[in-house]
Amino acid sequence: MPDIRAVLFDLYGTLIHVRTDEEDLTRLWKPLSLFYAYHGALYTPQELRQAYREGVRQTEATARAHTGVDDPEIRLEDVFRALFMEKGARVTPETLRCVGGMFRACSTDIAELYPGAGRLIDDLRAAGKTVVLLSNAQRIFTEPEMRMLGLYDRFDKVYISSDWGVKKPAAEYFQYALRALDLPPEQVAMVGNSTHDDMRTAHALGLHTCHLNTDNEPTPDFCDLALTGADYASVRRWLLGK
């Protein structure tokens, strides 16, 4: 059993089983276009969907050009705000939070913890491990979603990429958390479900790696632990020896 003092967890596909559909005109873009209309921004559902896609693309391109970061993260509330402004409407931050919540609620089919996720985090912290979330996500809806599922306050520290302007697999994002931990990399583990976003950078930085294969991805040969699905019992044995 390695001497691991801190554990970084991915969120979606690792602790939360989520399935969303951001394309459906009837479920998502029709009610969202009505909400925009209530605030003076008139779009058809098709127009709003297309404007949103283009807004995300342009905002990401601008962030990439200004920062030089290969994997920039944007804030979706900036896109939502720009869509109002395009129609001459001005809205408050609270309205933008409502848009974010509505966007997520109308596009989500499943958002639930994998069985035993909360208990695993609690057990690790009870054993003296520092437990940190490192997620590619949008705070505007991810924090409410985590609070709904009773997960948010279980972590010692929560990193959500929309707060930092960069996302995995960028090493810069990992390093924000690693600097705060102030531990040598060999005392830190990364638990995640994505080979591209989680495993490769963590390994390159010298962290221990645990791949939870919840998406039928090939597991890299370098992973310390390769598991099928959210096998928290095996994660617990690896980290705690029990």
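Coordinates for the structure precede this section.
A quick note: this is a predicted structure, and the numbers were derived from the prediction, not measured. (Residues numbered from 1 in each chain as written. Predicted model: local features only at pLDDT ≥ 70, side-chain atom pairs only at ≥ 80, totals over all residues. Heavy atoms only, no water.)

Undergrad: I'd like to hear about the pattern of salt bridges, residue by residue, with values.
TA: Scanning the entire structure with this criterion turns up 19 salt bridges. As a salt-bridge pair, D10 and K168 come within 2.8 Å of each other at their nearest N and O atoms. Of this pair, D10 sits in the loop between strand 1 (6-9) and strand 2 (16-20) while K168 is found in the loop between strand 5 (157-160) and helix 7 (171-181), placing the two residues 158 residues apart along the sequence. On the accessibility criterion, K168 (2% relative accessible area) is buried. Close ionic contact of E145 with R104 constitutes a salt bridge, the shortest N to O distance being 3.0 Å. In this pair, E145 is assigned in helix 6 (residues 139-148) and R104 in helix 4 (residues 93-107), connecting sequence segments 41 residues apart. A relative accessible area of 6% places E145 in the buried class. By relative accessible area, R104 is classed as buried at 10%. (Salt bridge = Lys/Arg side-chain N within 4 Å of Asp/Glu carboxyl O. Helix = DSSP H or I, 4+ residues; strand = E, 2+ residues; numbered from the N terminus. Buried < 20%, exposed > 50% of the residue type's maximum accessible area, 1.4 Å probe, protein only.)

Undergrad: Tell me about unusual backbone geometry, residues and numbers included.
TA: Excluding glycine, a negative phi dihedral is what most residues carry, and trans is how most peptide bonds are arranged. Geometrically, the link from K168 to P169 is a cis peptide bond, its omega value of 15° lying close to zero. Here P169 lies in the loop between strand 5 and helix 7. At D182, a position not held by glycine, the phi torsion is positive, near 55°. Position of D182 among the secondary structure elements: in the loop between helix 7 and strand 6 (188-192). For N216, which is not a glycine, the phi torsion comes out positive at approximately 55°. Topologically, N216 is positioned in the loop between strand 7 (208-213) and strand 8 (225-228).

Undergrad: Which residues make up the sheet that holds strand 4 (residues 130-135), and what values go with them?
TA: An order of 5-4-1-6-7-8 is seen for the six strands of this open sheet, with the pairing classed as parallel. Edge positions in the open sheet fall to strand 5 and strand 8, since each of these has one partner strand only. When strand polarity is set aside, the average angle formed by the axes of neighbouring strands in this sheet is 15°. Bridge count for strand 4 against strand 5 is four bridges, and the pairing is parallel. Each bridged residue has a counterpart across the sheet, and for S135 the counterpart in strand 5 is I160. (Pairing = 2+ DSSP bridges. Axes fitted to C-alpha atoms, helices over the stretch in contact; angles between N-to-C directions.)

Undergrad: Before we move on, can you summarise the pairing of strand 8 with the specific residues and values?
TA: Burial of the side chains of strand 8 is restricted to one face: L225 and L227 are buried, whereas none of A226 and T228 on the reverse face is. Bridge count between strand 7 and strand 8: four bridges; the pairing is parallel. Bridge assignment links H211 to a residue of strand 8, and that residue is A226.

Undergrad: With reference to specific residues and values, describe the nonpolar core.
TA: Note on soluble globular proteins: their nonpolar side chains tend to be buried together. Judged by nonpolar contacts, the single largest core of 33 residues is most densely connected at F9, L15, F155 and L239. Elements that contribute at least two residues to this core include exactly strand 1, helix 5 (117-126), strand 4, strand 5, strand 6, strand 7, strand 8 and helix 9 (232-240). With five residues, helix 9 is the single largest residue contributor to this core. Other than its neighbours up to four places away in sequence, L15 contacts F9, D10, E112, L113, Y114, A117, I121, L133, L151, F155 and Y232. Core analysis: the next-biggest nonpolar cluster, separate from the first, contains 24 residues, L48, I74, L83 and F141 among them. (Core = buried A, V, L, I, M, F, W, Y, C linked by side-chain atoms within 4.5 Å. Contact = heavy atoms within 4.5 Å.)

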